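Residues per chain are reported as follows:
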Amino acid sequence: MSKKISRRSFLKGAAAGAATLAAAGMMNATVFADGEAEAVEVPATEANAEGHRDGKYMTKAMGHEDYVYVSTSIFDGVITDCKVVSHKETIGIGNYACARIPKAIVANQSVNVPNLRGCSTTSMAIKVAVMQAIQLAGYELTDFFGAVAEEDVNAEETLDVDVVVVGAGTAGLVAAAKLLDLGKKVLVVEKRGIPGGSMAMTYSGVAAIGAPTLSNYDVDGKSTQPYNLDIDAWIALLNGMIKPEMDHYEGKMPFERVAYAKLGEAAEWFKSIGIGFMTLGSFEGEVTYGTTMYLAPGCYMGGAGYAMMALAQRIEKHPEGEIKYMTKMTELIQDESGKVTGIKAVGVKSNDEENGYKLTVNAKAVLLSSGGFARNADMIAEYYPDYVGKFFNCCSASTGDGIQAGLAAGSAMECIGQYLPGYLSSSTYFELAFIHYSTPGIMVNKSGDSVGNIMSGNHEKMAKCKLDPANGDEFWYVFDENSAPSTKNYLDYGFNTYEAMYNRGEVLHYDTVEAAAEELNLPGLAAAIEANNAAALAGTKDEFGRGNCPYIDVFQGINLIKVDPTFYLTSAGLCADDAGHVLKAPMYEGGEAISGLYGAGDVLGSIEEKDGKQYGMGFDCGMGFGYAVAETIAAEI
Ligand SMILES: Cc1cc2nc3c(=O)[nH]c(=O)nc-3n(C[C@H](O)[C@H](O)[C@H](O)COP(=O)(O)OP(=O)(O)OC[C@H]3O[C@@H](n4cnc5c(N)ncnc54)[C@H](O)[C@@H]3O)c2cc1C
């Protein structure tokens, strides 16, 4: 027989837990002990003589996205079972922690297990939820807090493969899986505990130019855009975006031509190896996002994460493939002629300390796919001095290791000095990149003044907002109650992730604009809303050139989310040619190739910028170029 603990008891327990954890300096994740707490199953038995209430507890803590619900069973002082029963964490990132951290807690009988490297926030949330359960069961946290040492390996190993791929992110996974298909023996080294790099963070759209699927879908000749069907038409479209002062190839765009031509092929290959896309189309009433191919289950719904996991598993299961996690490339090996013949790597612990494992890989080709350097403060200072001290909401592993190794091997940097794009995050760095679509509204600065047209060129606009000191580095997204339903479930693009803003308590509601303005010290707020509404009612553009301004009806009050336009990647990178050979100087200067060394993805910077166009779609370019470079390597070794 079990009975439910009263809400009062639960809240008391959870609050006490939060206090203890905070005191222990452990509480990186937020403990929510609010009215929405799950009912807590309390044990069959009453508290025993020691005050323990053994049983199975359901607790929750806020993860990276939303609540993570954890079931923990404790009997006779032993955590007998622990599992995450529900979560909305990023597919391809947080779910790895959900699968592993509970098992580690049971195995070690300790919540002091190391965070899974690559998904620390979710790891912490699970641990916090288990700590709540321990306390609710009447045990001391210290009884389940034993130090869990990470293994020292102290072994050396040398491996011989055809290709060693550095980094299991977007470009590396696509390239490695393709190389295996092409009959090569491939080792991927990945410094984190999980694969994926930046891949799972993306929106999941694939500009599959020329893919037979798109032509087949276009049954009436009007169902997709001509530029989606033909690489020449696509390049002509992109050509209009070239900045002449950046262009070295007379508008030919050699890099994107390769990437996008191959991306269409890669999309078909994805389908053939079990990676699905959301159904194409513009349907009656519901999903209306048209003919971009989105990895299933769709835009911002984890499609890129599912695809990423499928690629990683394909490599891991392949008889000739392997991914070595927690293994960090430290240098390239070169022979006397300068040819790259392999890499050196070390095993790392979750805090990046070496664990004593030393790996030498001899390979016919080395593919650098280790991403950009947004999390390397020294490199930001060197290449993007205007961005020093700015937060980059990116993969924490983007520390420029591959770029440093490439430079040491004789390559050089190109595409330095372009502006870096930004996208909107909440103040807790929850991604809100599409909120200007899902949630009709305006964005205001520290004074409550509108920051201007956020619809056109959104990424560039976000970057400029952040860099403009006049905004006071404080921003609010402002919307009415009518925009709340589509914030929670945005049918046009088919995603519902922003609903978490409500669970996270980040949507502030005020009954009047005046109340919001006063409490948040936004003196210009009323005027900003009025000016927007005047343009909306007149059907004209506002003073910033924004058309179709959304009328903000304050009848039911006003909603605000504190937001932060965050940068998220770097677009400068190693010199390379359009086949993916890493060069000593830019291709337009006739740079010589470093034999044996290839690159794909952000390690090369933006290939769009190499073509003379501003950065736009790193995900598509990383996948398409990664696929193309795999073919180059397979043909050359
Ligand atoms: C938050 C966010 C959102 C984005 N959204 C979009 C989007 O919507 N659309 C779009 O087109 N693009 C988007 N991008 C950009 C896109 O994700 C990247 O351009 C692309 O994924 C880069 O792929 P990559 O393979 O070069 O690097 P990554 O995917 O970052 O992978 C690099 C990998 O190398 C590993 N690594 C690094 N150093 C070492 C080392 N020394 N040894 C071993 N392994 C190492 C890393 O751990 C990582 O796994 C987004 C990026 C971010 C950060």
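Conventions and cut-offs
- Residues numbered from 1 in each chain as written.
- Predicted model: local features only at pLDDT ≥ 70, side-chain atom pairs only at ≥ 80, totals over all residues.
- Heavy atoms only, no water.
- Domains from an automatic or database assignment.
- Contact = heavy atoms within 4.5 Å.
- Salt bridge = Lys/Arg side-chain N within 4 Å of Asp/Glu carboxyl O.
- Nonpolar A, V, L, I, M, F, W, Y, C, P; charged D, E, K, R; others polar.
- Near = heavy atom within 4 Å.
- Polar contact = N/O pair within 3.5 Å; in protein donor to acceptor, adjacent residues only side chain to side chain.
- Areas by Shrake-Rupley, 256 points an atom, 1.4 Å probe, with all protein chains shown as cover.
- Helix = DSSP H or I, 4+ residues; strand = E, 2+ residues; numbered from the N terminus.
- Pairing = 2+ DSSP bridges.
- Axes fitted to C-alpha atoms, helices over the stretch in contact; angles between N-to-C directions.
- Phe/Tyr/Trp six-rings, centres within 6.5 Å; stacked < 30°, edge-to-face > 60°.
- Lys NZ or Arg CZ within 6 Å of the ring centre and 35° of its normal.
- Buried < 20%, exposed > 50% of the residue type's maximum accessible area, 1.4 Å probe, protein only.

Attention now moves to the domain arrangement of the chain. The domain architecture assigned to the chain consists of domain 1 (3–144), domain 2 (157–418 + 569–636) and domain 3 (422–567). Listed by partner, the interface residues are 13 residues for domain 1 and 17 residues for domain 2. Taken together, the connections running from domain 1 to domain 2 amount to one salt bridge. Residue Asp352 pairs with Arg117 through a salt bridge whose shortest N-O separation is 3.0 Å. Of the residues assigned to the side of domain 1 that touches domain 2, the class counts are six nonpolar, five polar and two charged.

Turning our eyes to something else, we now look at the site of the ligand. As a structural note, the neighbourhood of the ligand is formed by 37 residues, with Thr170, Glu190, Ser198, Asp401 and Asp602 the closest of them. Ser198 places a polar side-chain atom, nitrogen or oxygen, 2.6 Å from an oxygen atom of the ligand. Backbone polar atom of Asp602 to an oxygen atom of the ligand: 2.7 Å apart, as the coordinates give it. Protein contacts shield 96% of the accessible area of the ligand, which totals 1000 Å² for the unbound molecule. At the level of elements, helix H4 (170–181), strand E11 (327–334) and helix H19 (618–636) are the ones that each hand at least two residues to the shell around the ligand. Residue classes in the shell around the ligand are distributed as 16 nonpolar, 14 polar and seven charged.

Now for the sheet that holds strand E4 (residues 67–75). Strand order in the open sheet formed by three strands is E3-E4-E5, with antiparallel pairing between adjacent strands. Single-partner strands in this sheet number two, and they are strand E3 (55–62) and strand E5 (78–86). Pairs of neighbouring strands in the sheet enclose a mean axial angle of 25°, with direction left out of account. Pairing analysis gives seven bridges linking E4 to E5, with the strands arranged antiparallel. Along E5, the bridge assignment pairs Phe75 with Val78. This element, helix H2 (residues 94–108), spans E4 and E5 of the sheet and lies at about 170° to E5. Helix-sheet contacts for helix H3 (residues 120–136) involve E3, E4 and E5, and the interaxial angle to E3 is about 140°.

What follows is about the packing of aromatic side chains. Enumeration over the complete set of coordinates arrives at 31 aromatic pairs. Seen from their ring centres, Tyr387 and Phe567 are 4.8 Å apart, and the 80° between their planes marks the pair as edge-to-face. Taken together, the positions of Tyr387 in the loop between helix H10 (377–383) and helix H11 (401–408) and Phe567 in strand E19 (residues 558–567) put the pair 180 residues apart, joining distant regions of the chain. Each residue in the set Tyr203, Tyr294, Tyr300, Phe430, Phe434, Tyr437, Tyr490, Tyr493, Phe495 and Tyr498 is aromatic and connected to the rest through ring pairs, giving one cluster. The residue whose ring lies beneath Lys60 is Tyr67, and the NZ or CZ to ring-centre distance is 3.6 Å. When the ring centre of Tyr502 is taken as reference, the NZ or CZ atom of Lys488 above it lies at 4.3 Å.

Counted by the stated rule, this structure contains 25 salt bridges. Between Arg314 and Asp181 there is a salt bridge, and its shortest N-O distance comes to 2.9 Å. Separated by 133 residues along the polypeptide, Arg314 in helix H9 (residues 303–317) and Asp181 in helix H4 bring together distant segments of the chain. Judged by relative accessible area, Asp181 falls into the partly exposed class, the value being 34%. Put simply, Lys613 and Glu608 hold a salt bridge, and the shortest N to O gap is 3.7 Å. Accessibility classification places Lys613 together with Glu608 in one group, the buried group. Each of the salt bridges in this network shares a partner with another, and the network as a whole consists of Asp66, Lys88 and Glu499.

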